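These are the residues of each chain, in order.
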Amino acid sequence: MDRQITAIRPEHRFDTNNLKRYLSGKLDSFTGNSTLTLQQYRAGQSNPTFYIETADKRYVLRKKPPGELLPGAHKIDREYAVQKALYSVGFPVPHPMLYCMDTHVIGTEFYIMEHVQVSTWTKQYKASAHKEIPAMDKLSDWLSHNLPTNDNEVSLVHGDFRIDNLIFHPTEARVLAVLDWELSTTGQPIADLAYFLMPHYWPSHYKIISTMGGITGVKGIPSPEDLISIYCHCRGIPNSLPQQNFFIAMAFFKMAAIAQGIYARHLLGNASSLNAAEFEESVEPLAELGLQIALSSTLAMPISDELFMLSPKGQAVLQHVKEFMRKHVLPAQQEVKEYYAKHKDTPERWHTPAVIEELKAKARATGLWNLFLPAESGLSQLDYAHIAEETGRCFYAPEVFNCQAPDTGNMEVLHLFGTEEQKRLWLEPLLRGDIRSCFCMTEPDVASSDATNMECILHKDKDHFIINGKKWWSSGAGNPKCEIAIVMCRSKSLDSNSDRHRLHSMILVPLNTPGVKKIRPLTVFSQDDAIHGGHFEIHFDNVRVPASNILLGEGRGFEIAQGRLGPGRLHHCMRAVGLAEWALELLCQRAAHRQAFGKRLYQHEVVAHWIAECRIAISQSRLLTLHAAQTLDTQGNKTARKQIAMIKVAAGRMVTKVVDCAIQVYGGAGVSDDFPLAEMYAYARTLRIADGPDEVHLSSIALLELRDQRRRAQSKL
């Protein structure tokens, strides 16, 4: 069973021998010779939570965090007291075993409870069952083996939260009272939401519907998607519920157990309801429906998730990234904006703001670091595509996770093609985030859309190479931590009559090498883009570097470029999808609250159509990008060339159109610095040129499509 546990984190370690001695004699399974296994749950950010296993028992330990705490916070004594009181009168909560106030045992107060999730309701069901129902047993087993990753989030749970337990105001849209707290407990708050959503998923012919709050088809009841969106908005969490299937299936299991209990009371002759006998007919159908939902991968999930599922690790990391973005990254946007406004015309604008450096340290400490590189993160390109979309919702978010361009592409190059010495000198400090890098390819004096035009010259002199030439649009070169450049050069020693894709090389050039001159930062729509380290023109004047700095070998520059640009282009495209989602949110907010010519803006047909067209375009681009990522994972870079080229065109066009529509809805405000739309547009429009203009990719797509059509035709012969 995947319990989402890991080794105890260094900051939470304590003396396990002390714990073992303390528990010996206090809990039945602990003796002087007991073997104790102790691990930490990945979740449980407020009060650290640990999984304890002995030869025949499992427990959960909850403790206060170490260090100085805020007054009134982390009151695990209160948590224990509430749980103990509920348990003592038969409410379904884990059995609280003991509470320890002695801080000398493990450094803080703690308590021990039984390890359960669904076992309480399983026990209640089995105690009242009058016959074998295989679906209930299968559902119970599935729930036990698919516990959610965030089941350590504890709050007060109503336990029977449904529409007919609410008293509504007769004329106002508000609830006057929530009734029937008989099943209240402490537990995962999403359980109440899932229980409330459950009637949306059961058939209307169930006989218990009339008495248990059926709402299917009732006018005015919001859809599950709307309810989830409202719930997430009110709680301030990302607009998605991880492992939603688990909680809905759990609600059905709970309802089936309740129905079984009502019928059992009928058999005993002490039921309070006149129709208690009817509940028997509902137990098995509810269990079967719950099992169907449990095993489904499509319940209330976005279309992209249905077709391109993340790995279990990818799901966990994505949720972690979303939480980190919500709690730390997005709240810092105003501080970052103020930093660059304050230092707009000073050298400090090239430095990374302290708040971003602090966020980077937090991200690295929590394991959200180098997520783009499968060898480091253990994630697939498909996993990372979903994560990149999330980071696209904030201009500086990729840097927080050490996933910013051009460093990602350069690290991929060094990982794939670098020697061990090159990796030691440059890849390792890049992976740590100690330094930054730039990529020098585009040139001011030639049409760089045809990369074979590059004229920056590389020639060998004994055990060194000498470089002469001009480069520009060297992104990131303005950051003071930028120490290394990968430079694309034409090798002078190679035969000019050779294949034109075999004449260029890539070489590592430290930026402090004599002869390397940063001429100027270029502007993008009149902005120097300091937040991304700028885009510099750099001249190389007799720059001399060791021959060992060559990557892979002379004449292999385009071979390297194909390895570098595939994943990098994909990352750009998925971030563009995230940016477009952000722009559409802003568009809808403005359209819903702004009024013109006697109507809200969204009530004007043209604006409504823009919203619809934007949604269609974003969803199409997301699916195309995820398909490219999946192809890259399963068939490799070469096979994915057409898919990557297609999304490079489609994503750039899409995000430009969405941002342009948002600007139009905002009017003059849309092109000002009061809103992020102007900066979004600069990024979006640039994307249609960066890493190759649309026209180059269209030509490649056409050639690849003609090749594929020819192969299909030949296969039919």
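Our subject is the structure that appears above.
Residues numbered from 1 in each chain as written. Predicted model: local features only at pLDDT ≥ 70, side-chain atom pairs only at ≥ 80, totals over all residues. Heavy atoms only, no water.

Draft legend 1. Just the nonpolar core, in detail. Residues Y396, F401, I467 and I507 are the most contacted members of the largest nonpolar core, which totals 120 residues. Looking at which element gives the most residues to this core, the answer is helix α19 (residues 557–593), with 16 residues. Dropping the residues within four chain positions of it, I507 is found in contact with L458, F465, I467, A485, I486, V487, C489, V545, N549, I550 and L551. Core analysis: the second largest hydrophobic core is formed by 41 residues, L193, M255, A256 and L291 among them. (Core = buried A, V, L, I, M, F, W, Y, C linked by side-chain atoms within 4.5 Å. Buried < 20%, exposed > 50% of the residue type's maximum accessible area, 1.4 Å probe, protein only. Helix = DSSP H or I, 4+ residues; strand = E, 2+ residues; numbered from the N terminus. Contact = heavy atoms within 4.5 Å.)

Draft legend 2. Geometry of the pairing of strand β11 (residues 436–440). Burial of β11 is extensive: five of the five residues sit out of reach of the surface. Residue alternation in β11 divides its side chains into two sets, R436, C438 and C440 and S437 and F439, and both sets are buried. The pairing of β11 with strand β14 (residues 482–491) spans five bridges and is parallel. Residue pairing in the sheet places R436 in a bridge with C482 of β14. (Pairing = 2+ DSSP bridges.)

Draft legend 3. Quick peek at a positive patch on the surface. Side chains of K638, R641, R710 and R711 sit close together on the surface and give a patch of like positive charge. Mapping K638 onto the fold places it in the loop between α20 (605–635) and α21 (641–666). (Patch = residues over 30% accessible without salt bridge, like charges linked within 9 Å, V, L, I, M, F, W, Y side chains within 5 Å. Areas by Shrake-Rupley, 256 points an atom, 1.4 Å probe, with all protein chains shown as cover. Salt bridge = Lys/Arg side-chain N within 4 Å of Asp/Glu carboxyl O. Lys, Arg positive; Asp, Glu negative; His and termini not counted. Charge placed at Lys NZ, Arg CZ, Asp CG, Glu CD.)

Draft legend 4. Here's a closer look at the environment of L511. Secondary-structure assignment places L511 in the loop between β15 (504–510) and β16 (516–521). Taking the C-alpha atoms as reference points, L511 and F540, 29 residues apart in sequence, are found 10.0 Å from one another. Those residues in contact with L511 that sit more than four places away from it in its chain are C438, C482, E483, I484, A485, V516 and K518.

Draft legend 5. Structural view of the pattern of salt bridges. Per the counting criterion, the structure on display carries 32 salt bridges. Taking the shortest distance from any N to any O, the salt bridge between K360 and E357 comes out at 3.7 Å. Taken together, the positions of K360 and E357, both in helix α13 (residues 354–365) and three residues apart, correspond to about one turn of that helix. The exposure class of K360 is buried, given its relative accessible area of 6%. We note a salt bridge from E389 to R622, for which the minimum N-O separation is 2.5 Å. On the criterion of sequence distance, the pair formed by E389 in helix α15 (residues 381–391) and R622 in helix α20 is long-range, its members being 233 residues apart. In the salt-bridge network here, residues are joined through shared partners; they are E357, K360, E399, D407, R436 and K481.

Geometry only, nothing functional implied.
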